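Here is how the chains run, residue by residue.
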Amino acid sequence: MESSSRCSSMAAGLPQESFLQRTLERLPSTQSLKLTAEEAAPVAVVAVQRYLSEPTEGQQLDSYSYDVTITDGVWRAKCFLHPSLNHLVHRNTLRTGTDVSVRQCSFVYNERRLGHGYICVEKVEGSAETSSLLPRINNPSSLPMLVKHGMERSVVLQSDVPLQVSRKHYLSLWNNDDPEGDMWISGSASPDPVLDVSKVTLLSSLESSFRVSWKPLPLLVKIIHKSRLRYYGKFGLKIDYPYQTYFEVADQSGTMSLVLWNELCPEYYLRMNVGTVLYLQNYTLKQSYSNRSRPQMDHHRMKNFTSIEICLNPRNPAADITVVSPKSVLPQWGLPEVSYQFTTRSELEKISNGSACDVIGLVTFVGRVERVRSKGSKAPEKYWTYRWVHSVDGTSDRPFILELFSSSQPEIFSQICPMTYLVCTQMRVCQAEGSLPYLTSSCETEIFITGYHKGQPYVSDPRVKSFIQWTKTLKDNVVLQKTAVGGHYCYPPPPRRFSQSATYTAGQVPLVAVSDLKRELESLQYREHKKLAIQGEITAIRYTNYPKKVSNEPKNYSSDTHKDPADCLMSPSSDRSKANTRKRRNQFSKAVPSSLNCASTPTKRRLKYKNTKEGEEQEEEESASAYEEVQHEQQECQDSAAPSWESSSWSKQREEISEHLRHGGLHQDSISRRFTFDEKSALLQWSNLQPTRWTPQAAADAPPHTPCPGHYQLTILGINKQIAVDAAFLPVVRSDDPRAVGLSRDPHDNSMLSCLSSGFLCPLDSTARDGELTPQESGSDRRNKSLLSSSPASPVERLALISSTFGCLLAEEILATARGLENTHVVCVLELCQLGGDKVEILIDKVYKVMDVTLD
């Protein structure tokens, strides 16, 4: 009898032999199959899916397990990743869209269930940074799933559920808040039923009914607030779908909390939105849980019933939920309108700390998505995902600074980009000492961008209409010049004085030993961000335009820590470098509105000159010549010794230290880029987290190479002179850098210490974008401005174009003052972020002298 896999292969018209099929046929004859390099053909990773681990005897290796779907171009196979390889996912080394070679695997039968088993991947090797197989596959999900003969009827093997049968659903790959998988039902209202509203009771009558025997009467309510999902799964909890979410609902008598439990969340969460009308039966009441966040609802001007809450359960009793379609809602039901409290940017400073508000703005900056470990959470560990966003509304020259955490709206959260209209509800005001206020998400925050506004209750709000009218006065090309995506960003800036108290307080940066810093670096997971402080002395500084280099050799993925090929700012090969140079030179010559010579030419003559073909050609040649001259000088600067400084005792101390942590450096992901519509898909993919599934749409080209801006590489020797650590310092040098927003502009003397303390060079360059010259500018200033204004790159790229050439001179002046750091006890605030594989970002946020430290 032929195996079902062979029959399916023939039916699909596919080749009968494939690496995955051959491997599956060999597995029954051995406990663990080891494959040679010749036998292990590359396979592409098309999905990485996470779920809560099953409890096992002995030590639990990890809180979560991973199923990995791979393909050889003929078959797909969903495999269980051995727990010893989980660290490859934690650091995004094993990820979708890449090729790997399986070098060892086994077949695991479920001993407690008939007809169920799976391939367990026990050892893999990295093959290529990007897959060579996937571009040839239009739709990986159309390939047949490889199943062992006799297990064809296994629903688990054919469905979007975990291989470990005790778990019924997958979690989002990088957090626990986002809906993940096919079980989450989207859509609008239920089929129009006949509603009997004659026996509907009001919310105001429920408090008196609590704790007495009663048959609940139907409720007819409108949702006015919605919280993000809460996953409360843990080991030993025998609930298949441990989810919970809160809503605030209202009728004509007031408002009350409503809780949706367990498997009702996948069925109804995406269908129950702000403004949705619900007809509820078979609900229960319970005393409210006081220790939870609540939305601020004073603006509704309605009575809040907070002593009890409505519970919708999947059983005992099974709640009866009807989502009423908008066209069926009648005015005589008297349901209140959803109201908002939109705040303009000009009003923000007047709002008290902790207050809630709604905002609308045009996005100008979107930071990369990062993760932070939830404090105080026991196993299983939890991560929050968040990103920083700037948006403007025309009422102030300052943007809204938004700290947006995941709001269980992954399709919106991942598509936030410059030039979109962003609405954020129930944001909390954070007044930062010495800096501009910012807004952070609450549990009830919802976000909406262009394409998702239709039908939302706020579209008729007067302040929303006023904002839309303002945007009609804008020109896209002008706004685009002020946009940026990705890169390192952190807010608010550190306080003027570093404080340490006996008990932890919110916002306090923990001071750790340098030996603890090593453990912190090793424990970081993909895009995890931490802020720590260490004390010691700065012993060496080097100014550089070169990026952090990471080994690019193929790696063996086993239980040992994997070293990932880098996609940081590596020096390109000579051929690619020449091609990029030609391409950028052409872009430069086409984009330059005036050459360096034209900068001093009278306007009328310049216009006449530009209107002739000969003038255009000459201008193009001069622009290219100017660019080549800068590149030549840049190369000369790179070829010469980089400006540097060392303390007088460092040469001896470096021989005596026990360890030197050299992770610190500037990577491609550390640098923001200007947004363009042509590169939108690539920039979104670059700034978002690695997707759990590969799709052809996710295979966007990588964003263009970003020149490495001039920065300082520092070596910090721990206070006990046993361990040293390297960190990069990238000062803010231009006022249009997103990091400049909210930065203190107090003037300083541009000494090395003052730059490290303030985070910027004084004064910030505010070169006019139109290239106009001021009478006081020198020749080199005019040249810099012409290059900066004519380059088609982002603010950081424009600066990088000349920073190598002219930055070396400035760096020498700054480094000449570094001798003031000799034997100086300092506290360094460090920003850590794991960027994937071996790429760890260590950036200096601020340096304090000990006299600037406060002990509480």
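Residues numbered from 1 in each chain as written. Predicted model: local features only at pLDDT ≥ 70, side-chain atom pairs only at ≥ 80, totals over all residues. Heavy atoms only, no water.

Draft legend 1. Layout of the pairing of strand S29 (residues 723-729). A large share of S29 lies buried, amounting to seven of its seven residues. Neither face of S29 is open: one carries Ile723, Val725, Ala727 and Phe729, the other Ala724, Asp726 and Ala728, and all of them are buried. In this sheet, S29 lies alongside strand S28 (residues 711-718) in antiparallel orientation, the contact comprising six bridges. When the bridges of S29 are listed, Gln713 appears paired with Ala728. The turn linking S28 back onto S29 is made up of four residues, and Lys721 within it adopts a positive phi angle of 55 degrees. (Buried < 20%, exposed > 50% of the residue type's maximum accessible area, 1.4 Å probe, protein only. Helix = DSSP H or I, 4+ residues; strand = E, 2+ residues; numbered from the N terminus. Pairing = 2+ DSSP bridges.)

Draft legend 2. Molecular detail of the pattern of salt bridges. Scanning the model with the defined rule gives 24 salt bridges in all. For Glu248, the salt bridge goes to Arg292, with nearest N and O atoms at 3.3 Å. Taken together, the residues span a long stretch of sequence, with Glu248 in strand S9 (residues 243-251) and Arg292 in the loop between strand S12 (284-287) and strand S13 (304-312) at a distance of 44 residues. The pair formed by Glu248 and Arg292 is uniform in burial state, with each residue classed as buried. Of the charged contacts, one joins Arg496 and Asp746 as a salt bridge, the two residues approaching to 2.5 Å between their closest N and O atoms. (Salt bridge = Lys/Arg side-chain N within 4 Å of Asp/Glu carboxyl O.)

Draft legend 3. Inspection of the nonpolar core at higher detail. By size, the foremost hydrophobic cluster in this structure holds 123 residues, and its most contacted members are Ile310, Leu312, Leu402 and Leu404. The element that contributes the greatest number of residues to this core is strand S15 (residues 356-366), accounting for six residues. Excluding its chain neighbours within four sequence positions, the residues that come into contact with Ile310 are Leu203, Leu206, Leu219, Val249, Met256, Ser257, Leu258, Val259, Tyr283, Thr284 and Leu285. The next biggest cluster of nonpolar side chains, apart from the first, holds 39 residues, and it includes Leu661, Val725, Cys755 and Leu821. (Core = buried A, V, L, I, M, F, W, Y, C linked by side-chain atoms within 4.5 Å. Contact = heavy atoms within 4.5 Å.)

Draft legend 4. Spotlight on the state of the cysteines. On inspection of all chains with the given rule, the structure shows zero disulfides. Unpaired in this structure, Cys105 has its nearest cysteine sulfur neighbour in Cys79, at a distance of 7.7 Å. Residue Cys105 is classed as buried on the basis of its relative accessible area of 2%. (Disulfide = S-S within 2.5 Å.)

Draft legend 5. Just unusual backbone geometry, in detail. Each neighbour pair has its own omega, and for Asn316 with Pro317 the value is -5 degrees, a cis peptide bond. Structurally, Pro317 is set in the loop between S13 and strand S14 (320-324). Cis rather than trans, the peptide bond between Tyr491 and Pro492 has omega equal to -5 degrees. Tracing the chain through its elements places Pro492 in the loop between strand S22 (484-485) and strand S23 (498-500). Positive phi, close to 60 degrees, is recorded for Ser408, a residue that is not glycine. Within the secondary structure, Ser408 sits in the loop between strand S18 (400-405) and helix H7 (410-413). For Ser408, a relative accessible area of 3% puts it in the buried group.

Draft legend 6. Helix H10 (residues 514-523), seen in detail. Turning to H10, its buried residues are Val514, Leu517 and Leu521. Buried positions in H10, seen along its axis, are confined to an arc of 40 degrees and lie on one side of it. Buried residues belonging to H10 abut strand S24 (529-544), strand S27 (659-661), S28, S29, strand S32 (826-836) and strand S33 (839-849). (Arc of directions from axis to C-beta.)

Draft legend 7. Representation of the packing of aromatic side chains within the structure. Considering all chains together, one arrives at 24 aromatic pairs under this definition. Their ring planes at 55 degrees and their centres at 4.8 Å tell us that Trp174 and Tyr526 sit as a pair that is tilted. Taken together, the residues span a long stretch of sequence, with Trp174 in the loop between helix H4 (155-158) and helix H5 (206-209) and Tyr526 in the loop between H10 and S24 at a distance of 352 residues. You can call Trp174 buried: its relative accessible area is 8%. Among the aromatic side chains, those forming a connected cluster through ring pairs are Phe365, Trp388, Tyr438, Tyr489 and Tyr491. Here the guanidinium or amino end of Arg371 rests over the ring plane of Tyr383, the centre of that ring lying 4.2 Å away. Over the ring of Phe413 we find Arg387, and its NZ or CZ is 5.5 Å from the ring centre. (Phe/Tyr/Trp six-rings, centres within 6.5 Å; stacked < 30°, edge-to-face > 60°. Lys NZ or Arg CZ within 6 Å of the ring centre and 35° of its normal.)

Draft legend 8. Region of interest: the environment of Leu114. Along the polypeptide, Leu114 turns up in the loop between strand S5 (99-109) and strand S6 (117-128). Residue Leu114 is classed as exposed on the basis of its relative accessible area, which comes to 86%. C-alpha of Leu114 to C-alpha of Gly150: the two residues are 36 residues apart in sequence and 9.8 Å apart in space.

Draft legend 9. How the structure looks around the pairing of S24. Burial analysis of S24 places 13 of its 16 residues in the buried class, the great majority of the element. Of the strand pairs in this sheet, S24 and S32 are connected by eight bridges, and their pairing is antiparallel. Residue pairing across strands places Gln535 opposite Val827, the latter belonging to S32. Sheet topology note: the S24/S28 ladder contains eight bridges and is antiparallel. Bridge pairing in S28 places Tyr543 opposite Tyr712. Where S24 and strand S26 (residues 644-646) come together, three bridges link them in antiparallel fashion. Residue pairing across strands places Ala540 opposite Glu646, the latter belonging to S26.

Read these as geometric descriptors, not functional statements.
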